Amino acid sequence: MANLKLLAPLEGWCAPLDEVPDPVFAGRMVGEGLAIDPTGNTLHAPCTGEVLSIAAGKHAIALRSEEGIDVLMHVGIDTVGLAGEGFEPLTTVGAHVCAGDPLLRFDLNVLAERAKSLITPIIVTNGDQFEIEQSISNRLIKVGDDLLTVRSKPKQDGIQRKPSEDQRPSKGQRIERLSIAHEHGLHARPAALIANRAKHLAAEIWIEAHGRSANASSAVAIMALGVRCGDEITLIASGPDAAEALQAVKETILAMPVLAERAKSPEVSSVSEASRGSDLSRSSSRVREPHDGKLRGVIASRGFAVGRAVKLHQVEIAVNELGSSIAHESAALDRARSAVRTRLEDLSATASGIASDVIAAHLEFLDDSELVVPAKRAIAQGKSAAFAWRKAVRDVAEKLRALNDARMTERISDLLDLETQVLQVLSGASAAQCELPERAVVIAEDLKPSQLVSLDAERLSAICLAAGGPTSHVALLAASMGVPALVALGDHVLTVKEDAWLIVDAEQGTLDLAPDEQTIAAAEELLQQREQRKNSERAAAQQDCFTADGTRIEVFANLASLAEAKLAATNGAEGCGLLRTEFLFLERASPPDEPEQLRQYQDIAMALKGRPLIIRTLDVGGDKPIPYLPLPAEENPALGLRGVRTSLWRPDLLRVQLKAILRVEPAGQCRILLPMVTDPGEIQAVRRMLDEVRRELRYEGYIELGAMIETPASALIANRLLRDVDFLSIGTNDLTQYTLAMDRGHSELAHRIDGLHPAVLSLISIAATAAHQQNKVVAVCGGLASEPAAVPVLIGLGIQELSIVPTLIPRIKANIRTLTIESCQRLAQRALEQETAEQVRALVNEFAEEQSRVTS
Ligand code: PEP
Ligand code: MG
């Protein structure tokens, strides 16, 4: 008879399951057990046994003891939505572990900030075969303390047990296939609901997926199938009432909420938003302390500013659920939308670039029937205009979120931004906070794009945000407005006193919180010098660029639209080194046809007035999905079908794109660049198609074909890739992410994702050396080339062409003119010898300071 003591796997407060804020766990649907509110960050094995499963989101682990007792440990509630963020498994499925072995490490800060609750149920999932006795509850416990005692139940004759997982039935079966549409697949909660239903049926039910099968009465077995959203499962029922049993399980699955379970209603999500504020205080990662009176943040828009603090507060708008009369609420909603429309149209009259894109998106959403119709329907059911609008917006936002598409993040924030704009009008809350004094340094937790565009740009000196990321719309907007911006400064920035003098150095990433008079005077002088320097840089921008000792360095622009091409030409771009063609393909229902693509490429070519135009073939797939290109579900999209792989997977799209590029006039202005290349076979396949298309179009001349170096693989075999291409272009954004194994959009890691890491520089050096040996051009078109401090290192590594943000061209050209190749080579050599990106940064900053001393 099995008799096992389960030991506490976590340090923390031990509580009964009733205290778990999830009816599935609290209602014992998964099984009997206890819960621990953790104070420690490592989950240990509660007994010796085998690891049965680790959830895809890495937040739950199931173990089977040698006695056959299945224990599920589910860290936090609603943590499946974190998609693995903050979790680090320390074991693998199938591993034999001893009691006390560490199984999973988690980041308490991430969980505190993002999860509904940290409380961790520890549950015996096959408890119907055992008696469970709780050893402790409601007290602090340490790892290894006695937690539960589990004993086999005495055998009772006549009791039919469900077969174990390897005894799959085969006779008299009923079979049905089902597609799983639940956001996180069959994770703990859906698995528990299915098991709970199946357990009470006389028939035996099995679920098959991914070539594996699981007894439907075991939640752990179901979880171990690893069924994800979009997967197909097969339900197999046999025995008495198989058909009814199968139907019952199917209904259980279909009845489960399909969308994000965390935000079941607007009220729930607003509560969790509100409580998130208090949870943040537990998150040390948000509480960055100043050092030498300066806070360090992430640069979202480069620049330098001196100004006075103006604090903007996000006001949570209270909303009553019930409306007065249908006619009144409906008219109120129309009036509010109309007021917002007028304001957006006013803003749009003076906006340009990304600001006008954001405003156009908001105007589009404002009249979208997907929002207006459900809102009116809710009003007709007695809801207030504000409640109805908020619910309509959030429902659509949830649908977009469920697509799990990183590109939707900004669309969702646009929607939520629009929600606030309408609610503000409905509630009478004015946007008075937008009136700024002169030289305002705006301090906020985060900013919405609409808030930013409505600020008076003339008076806005800089933006400093406690939260936010460097690639958000607000960051792009700030850059396009030329306003220096720091994000992710941490909550300390919110304690700055209104009107305090601040120095924002969005070149170095620091915010000086209490500069003395002397420091302010010095900063003011620096600002003046910068202004003068800018004017002279602009004057010289149209001339070709040579280093001080006469080496030609070409400075091209990265483009993604016609507007940018025009801007680039006026800023002195010598061509376009990277046209990101995704802008033509995203956010539409079908791909652009050949004439449409040709029109766009031709317009851009003309805006560049005959200068070279390097067109990158479509770089989508994986983490940049598009609706008409349904890619197979991928566990790790950044490592899946992306870039040229996607183009070769959909050669029809590539063929159309190549044709459009070949038809741009004059022939010879365009070159073709392939993204995410990893081996020569990919280039050869594209070249074969290119040759076919050339023959088809009777294209007489030669068109250059290049490869992007964005992966360690392509850098390491650059010498072999070069046999098949005419030039290389190094994409340091992806090269950095894949070399450092850090997601380029990861806000927590933002401080460490640095292309100046010596490993990234070594790969650049390998590619550059290979290109020189074969007498071919090697460019850098990733973000590193737009960093003035990094440019000397790149030149020292042998880079002859840079492709950068259009507005930075005058400045970078001016910098290059002060450099000598020899000093750049010495700097690059020293950079390669450093151990960390910080050390390289210190080195390049020192070089830049020395350089400006010498040249000023
Ligand atoms: C890069 O990866 O550096 C690059 C230029 O491509 P993108 O940023 O468009 O992925
Ligand atoms: Mg890239």
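Cut-offs used in this document
- Residues numbered from 1 in each chain as written.
- Chains lettered and ligands numbered in written order.
- Predicted model: local features only at pLDDT ≥ 70, side-chain atom pairs only at ≥ 80, totals over all residues.
- Heavy atoms only, no water.
- Helix = DSSP H or I, 4+ residues; strand = E, 2+ residues; numbered from the N terminus.
- Areas by Shrake-Rupley, 256 points an atom, 1.4 Å probe, with all protein chains shown as cover.
- Polar contact = N/O pair within 3.5 Å; in protein donor to acceptor, adjacent residues only side chain to side chain.
- Contact = heavy atoms within 4.5 Å.
- Expected span 1.5 Å × (residues − 1).
- Buried < 20%, exposed > 50% of the residue type's maximum accessible area, 1.4 Å probe, protein only.
- Donors = N, O, S within 2.8 Å, 3.2 Å for Na, K, Ca; no water.
- Pairing = 2+ DSSP bridges.
- Phe/Tyr/Trp six-rings, centres within 6.5 Å; stacked < 30°, edge-to-face > 60°.
- Lys NZ or Arg CZ within 6 Å of the ring centre and 35° of its normal.
- Axes fitted to C-alpha atoms, helices over the stretch in contact; angles between N-to-C directions.
- Near = heavy atom within 4 Å.
- Nonpolar A, V, L, I, M, F, W, Y, C, P; charged D, E, K, R; others polar.
- Core = buried A, V, L, I, M, F, W, Y, C linked by side-chain atoms within 4.5 Å.

Here we look at the overall build of the chain
Secondary structure assignment for the chain yields 28 helices and 34 strands. Of the roughly 36,700 Å² that the chain leaves accessible, carbon and sulfur atoms contribute 50%.

Here we look at the side chain of Asn 558
Counting through the fold element by element, Asn 558 comes out in strand 27 (residues 554–559). Looking at Asn 558, its side chain comes within polar contact range of the main-chain oxygen of Cys 781, at 2.8 Å. Beyond its immediate sequence surroundings of up to four residues, Asn 558 is in contact with Glu 564, Leu 578, Arg 580, Cys 781, Ser 803, Ile 804 and Pro 806.

Section: helix 5 (residues 242–255)
Counted at 1.5 Å a residue, the expected span for helix 5 with its 14 residues is 20 Å, and the 20 Å between its end C-alpha atoms agrees. Inspection of helix 5 places Ala 242, Ala 245, Leu 246, Ala 248, Val 249, Lys 250, Thr 252 and Ile 253 among the buried residues, and these make up the whole buried set. Packing partners of the buried residues in helix 5 comprise strand 15 (174–179), helix 3 (188–199), strand 16 (204–209) and strand 18 (232–238).

Re the coordination of the magnesium ion (ligand 2)
Around the magnesium ion (ligand 2), the donor atoms from the protein are Glu 710 (OE) and Asp 734 (OD), and they sit 2.0 Å away. Taken as a pair, Glu 710 in the loop between strand 31 (705–709) and helix 21 (712–716) and Asp 734 in helix 23 (residues 732–740) lie far apart in primary sequence, 24 residues in all. Of the two residues, Glu 710 and Asp 734, both sit in the buried class.

Describing the sheet that holds strand 9 (residues 96–97)
Overall, antiparallel pairing links the eight strands, which are arranged 9-5-6-7-11-3-2-13 in an open sheet. With partners counted over all chains shown, the strands left at the sheet margins are strand 9 and strand 13 (139–141), one partner each. Here strand 7 (residues 70–74) runs beside strand 11 (residues 120–124); their pairing, made up of three bridges, is antiparallel. Directly across from Val 71, in strand 11, lies its bridge partner Val 124.

Side note on the packing of aromatic side chains
Within the structure shown, the criterion is met by one aromatic pair. Taking the centre distance of 6.4 Å and the plane angle of 50° together, the rings of Phe 87 and Phe 106 count as tilted. Of the two residues, Phe 87 is situated in strand 8 (residues 87–89) and Phe 106 in strand 10 (residues 102–106); the sequence distance between them amounts to 19 residues. In this pair, the class of Phe 87 matches that of Phe 106, namely buried. We note Arg 552 situated over the ring of Phe 546; from NZ or CZ to the ring centre the distance is 5.5 Å.

Description of the side chain of Ser 461
Note on placement: Ser 461 falls in strand 23 (residues 460–465). Each residue touching Ser 461, except ones within four places of it in the same chain, is listed here: Ala 305, Val 306, Arg 439, Ala 440, Val 441, Val 483 and Pro 484.

Focus on the sheet that holds strand 17 (residues 212–215)
Strand order in the open sheet made by the four strands is 15-18-16-17, with antiparallel pairing throughout. The open sheet has two edge strands with one neighbour each: strand 15 and strand 17. Neighbour-to-neighbour, the strand axes of the sheet open up by a mean angle of 25°, direction not taken into account. Pairing of strand 16 with strand 18 involves five bridges; the strand directions are antiparallel. The residue of strand 18 that forms the bridge with Glu 208 is Thr 234.

Some details on the site of ligand 1
Neighbouring ligand 1 are 15 residues, the closest being Arg 580, Arg 616, Gly 731, Asn 733 and Arg 744. With respect to ligand 1, the side chain of Arg 580 contributes an N or O atom lying 2.7 Å from an oxygen atom. One of the side-chain nitrogen or oxygen atoms of Arg 616 is found 2.8 Å away from an oxygen atom of ligand 1. Protein chains bury 98% of the 290 Å² of accessible surface belonging to ligand 1 in isolation. If you list the elements that add at least two residues to the shell around ligand 1, you get strand 28 (576–580) and helix 23. Sort the elements by how many residues they give to the shell around ligand 1 and helix 23 lands first, with three residues. In terms of residue class, the shell around ligand 1 is made up of three nonpolar, four polar and eight charged.

Focus on the nonpolar core
Core analysis: the biggest nonpolar cluster contains 97 residues, and Leu 728, Ile 764 and Leu 802 have the highest contact counts within it. The dominant element in this core, judged by the number of residues it contributes, is helix 24 (residues 758–773), at eight residues. Ala 332, Leu 452, Leu 465 and Leu 477 belong to the second largest nonpolar core, which has 54 residues in total.

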